[in-house]
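An overview of the molecular structure
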Amino acid sequence: MKQRTLPAAFLLALSLAGLAGCSSPTVITLNDGREIQATDEPKFDEESGFYEFKQLDGKETRINKDQVRTVKEL
């Protein structure tokens, strides 16, 4: 059993490292100059006209595209 544990743990660690590499923190600048940091690139919902993203504190947020000046990766 111990022989299987090491490769499984290695595979798990490798998978988690790969997932961490996929996220790209983003700064969203609003028209009024405020900046909001997101954990990943915001998704744009064309039907509603809102950007949807998760802030650094884990809070899910939606912002109208008319309020957004820029979206930049860090």
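Now for a description of the structure that goes with this document. (Residues numbered from 1 in each chain as written. Predicted model: local features only at pLDDT ≥ 70, side-chain atom pairs only at ≥ 80, totals over all residues. Heavy atoms only, no water.)

Considering the overall build of the protein chain
Counting its secondary structure elements, the protein chain contains 1 helix and 6 strands. The secondary structure elements of the protein chain, listed N-terminal to C-terminal, are α-β-β-β-β-β-β. The 74 residues of the protein chain split such that 20% are buried. Long-range contacts, defined here as pairs at least 24 residues apart, represent 33% of the contacts in the protein chain between residues at least 6 apart. In the structure as shown, the protein chain presents an accessible area of about 5,900 Å², 55% of it carried by carbon and sulfur atoms. (Helix = DSSP H or I, 4+ residues; strand = E, 2+ residues; numbered from the N terminus. Buried < 20%, exposed > 50% of the residue type's maximum accessible area, 1.4 Å probe, protein only. Contact = heavy atoms within 4.5 Å. Areas by Shrake-Rupley, 256 points an atom, 1.4 Å probe, with all protein chains shown as cover.)

Overview of the pattern of salt bridges
According to the stated counting rule, one finds 3 salt bridges in the structure shown. With a shortest N-O distance of 3.4 Å, Glu52 and Arg62 are connected by a salt bridge. With a gap of 10 residues between them, Glu52 in strand β4 (residues 50-54) and Arg62 in strand β5 (residues 60-64) connect regions that are remote in the sequence. Exposure remark for Glu52: the relative accessible area of 30% places this residue in the partly exposed category. (Salt bridge = Lys/Arg side-chain N within 4 Å of Asp/Glu carboxyl O.)

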